[in-house]
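Fold and geometry: a report
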Amino acid sequence: MIKNIVLDMGNVLLDYNPDVSLDRFCPDEEAKKIIRRELFGGPEWAMGDRGEIADSERYERVAPRVPEKYREALKNCAMYWDICMTPVDGAMDFCEYVRSKGYKLYVLSNASDKFYEYFPNFAPIKYFDGIVVSADEGVTKPDIRIYEIFLERFALKPEECLFIDDREDNVEGARAAGMQAVVFRNDFGAVRAVFD
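By convention here, each chain's residues receive numbers from 1 onward along its written sequence. Restriction of local features to residues with pLDDT of at least 70 applies here, the model being predicted, together with a cutoff of 80 or more for giving and counting side-chain atom pairs; totals for whole chains, interfaces and linings are based on all residues. Excluded from the side-chain calculation are hydrogens and water; included are all heavy atoms of the structure.

A look at the pairing of strand 2 (residues 104–109)
Of all the 6 residues making up strand 2, 5 are buried; the element is thus mostly covered by neighbouring parts of the structure. At least two bridges found by DSSP between two strands are what make those strands a pair. Secondary structure follows DSSP: runs of H or I at least 4 residues long count as helices, runs of E at least 2 residues long count as strands, and numbering of each begins at the N terminus. Note: strand 1 (residues 4–7) against strand 2, 4 bridges, orientation parallel. Pairing of Ile-5 across the sheet is with Leu-105, part of strand 2. Sheet topology note: the strand 2/strand 3 (residues 130–133) ladder contains 4 bridges and is parallel. In the sheet register, Leu-108 faces strand 3, and the bridge partner there is Val-132. We call a residue buried when its accessible area falls under 20% of the maximum for its residue type, exposed when it is over 50%, and partly exposed in between, using a 1.4 Å probe and counting protein chains only.

See the structure below:
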């Protein structure tokens, strides 16, 4: 029986869309292409999610790979990429529904240390029964270890947890850890049907 609802953050609770900052700060399509590849697609992004570097360190590491004329745009994208992190439609209503039905509510997210700056704009950390952020643990989904860390930290039985993520590989990781899991496709109604 499901007792715990475990939510990914990016594209489940908050929209993660690098195009928002690229469109805001880049002067042309070439800048967008380069910065998307080097900042959002570069190794530093995953390093931040694993807690190997602070979010604030990304610009200096990525800058040598970006033409001088695009460095200002890169700096703005690196510093303010989280302007895209706005609530997914229906996310807070879903959380309120889950709580009203007596389920425990958790977050398990791949995210850098900046998580603690933007996430409280969605809901206070204490609103949730527990949160695990990959940067704090040194491991990211879909590595089974992060699910095991999560389950152990909150003394949860995996079969009593429903994990919701927008990525199939992360859902498979949760299943490998014994959790029930579903891929989120922008439809909270479909997710509710799994446990209602």
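Examining a negative patch on the surface
Patch definition: residues with relative accessible area over 30% and no salt bridge; like charges joined within 9 Å; nonpolar side chains (Val, Leu, Ile, Met, Phe, Trp, Tyr) joined within 5 Å. In this description, accessible areas are obtained by the Shrake-Rupley approach with a 1.4 Å probe, and a residue is regarded as covered only by the protein chains that are shown. Should a side-chain nitrogen of Lys or Arg be within 4 Å of a carboxyl oxygen of Asp or Glu, the pair is scored as a salt bridge. Residues counted as positive are Lys and Arg, residues counted as negative are Asp and Glu, and His and the chain ends are not counted. Charge positions come from single atoms, namely NZ of Lys, CZ of Arg, CG of Asp or CD of Glu. A cluster of acidic residues, Glu-57, Asp-113, Glu-117 and Asp-136, forms a negative patch on the protein surface. By secondary structure assignment, the location of Asp-136 is in helix 8 (residues 134–137).

Quick notes on the packing of aromatic side chains
Note on ring pairs: Phe, Tyr and Trp rings are taken, using the six-membered ring of Trp, and paired if centres are within 6.5 Å. Classes follow the plane angle, with under 30 degrees stacked, over 60 edge-to-face and the rest tilted. Under the counting rule described, the total for this entry stands at 20 aromatic pairs. Ring centres 6.1 Å apart and planes at 80° place the aromatic pair Tyr-16 and Trp-81 in the edge-to-face group. With Tyr-16 in the loop between strand 1 and helix 1 (19–25) and Trp-81 in the loop between helix 5 (71–80) and helix 6 (91–100), the pair connects residues that are 65 residues apart, well separated along the chain. We classify Tyr-16 as partly exposed; its relative accessible area is 25%. Here the aromatic residues Tyr-16, Phe-40, Trp-45, Trp-81, Phe-115, Tyr-116, Tyr-118, Phe-119, Phe-122, Tyr-127 and Phe-128 are joined through ring pairs into a cluster of three or more.

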